[in-house]
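This is what each chain is made of:
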Amino acid sequence: QVQLVESGGGLVQPGESRRLSCEASGSIRSINAMAWYRQIPGKQRDMVARIYSNGYTNYTNSVKGRFTITRDNAKGTVYLEMNYLKPEDTAVYYCNANVDTVVEGKFGREYYYGLEYWGKGTLVTVSS
């Protein structure tokens, strides 16, 4: 019922910047939080940055001072500005959203709270 579509991945040289985007669509009543995770082969998927509806943010230590997460509530879109990229930033980056939804049920509207959705991921490769 909710779709997340990432864009912006690709090949980038060390020290350069890249911005990722993720647009949410579907049966959305409100988006509570949006986040970016990343995963490399053989390792777990880890949170990179998270932004809540009030603008509060969290970052993993390895990207603090380099990455910035922002959101456009009107567009239902979250961005990840990645600066001073390093080879160790190479990973598949996934968009995540915690969403309240509303759908038309048999007897009326049905409300759901705190549902988690994931995008398909976008590959960021940092290499010379």
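Above: the structure in question.
Chains are numbered independently. Their residues run from 1 in the order of the written sequence. Thresholds applied to this predicted model are a pLDDT of at least 70 for local features of residues and 80 or more for the giving and counting of side-chain atom pairs; totals over whole chains, interfaces and linings are not thresholded and use all residues. The basis for every side-chain value is the complete set of heavy atoms in the structure, and neither hydrogens nor water enter the calculation.

**Examining the side chain of T122**
So, point 1. Each helix corresponds to a stretch of at least 4 residues labelled H or I by DSSP, and each strand to a stretch of at least 2 residues labelled E; elements are numbered beginning at the N terminus. Looking at where T122 falls in the secondary structure, it is placed in strand 11 (residues 122-126).
So, point 2. Residue burial is assigned from relative accessible area. The probe radius is 1.4 Å, only protein chains are included, and a residue is buried under 20% of its type maximum, exposed over 50%, and partly exposed in between. Owing to a relative accessible area of 11%, T122 belongs among the buried residues under this scheme.
So, point 3. Within the local environment of T122, its side chain forms a polar contact with the backbone nitrogen of G9, the two atoms lying 3.2 Å apart.
So, point 4. Contacts are assigned to residue pairs that have any heavy atoms within 4.5 Å of one another. Residues contacting T122, with those up to four places away along its chain left out, are E6, G8, G9, L20, A91, V92 and Y93. Distance and chemistry together define a polar contact, namely a pair of N or O atoms within 3.5 Å, with one atom able to donate a hydrogen and the other to accept it when in protein, and with adjacent residues in sequence counting only for side-chain atoms on both sides.

**A look at the packing of aromatic side chains**
So, point 1. Ring pairs shown here join Phe, Tyr and Trp side chains whose ring centres sit within 6.5 Å, with only the six-membered ring taken for Trp; geometry is labelled stacked below 30 degrees between planes, edge-to-face above 60, and tilted in between. Taken as a whole and judged by the stated rule, the model has two aromatic pairs.
So, point 2. Here Y37 and W118 contribute two aromatic rings whose centre-to-centre distance is 4.9 Å and whose plane-to-plane angle is 65°, an arrangement assigned as edge-to-face. Here Y37 is found in strand 4 (residues 28-39), whereas its partner W118 is found in strand 10 (residues 108-118), with 81 residues between them in sequence.
So, point 3. Here the basic side chain of R45 rests over the ring of Y94, its NZ or CZ set 3.6 Å away from the ring centre. Two thresholds decide whether a charge sits over a ring: the Lys NZ or Arg CZ must be within 6 Å of the ring centre and within 35 degrees of the ring normal.

**Looking at the nonpolar core**
So, point 1. Judged by nonpolar contacts, the single largest core of 27 residues is most densely connected at W36, L80 and Y93.
So, point 2. Looking at this core, the element that brings in the most residues is strand 9 (residues 91-105), giving five residues.
So, point 3. Excluding residues within four positions of it along the chain, Y93 makes contact with E6, L20, W36, Y37, R38, V48, F67, L80, M82, G121, T122 and V124. Side-chain atoms within 4.5 Å link the members of a nonpolar core, which is a set of buried Ala, Val, Leu, Ile, Met, Phe, Trp, Tyr and Cys residues.

**Topic: the environment of S53**
So, point 1. Here S53 is to be found in the loop between strand 5 (46-52) and strand 6 (57-59).
So, point 2. Take S53: its relative accessible area is 48%, and that puts it in the partly exposed class.

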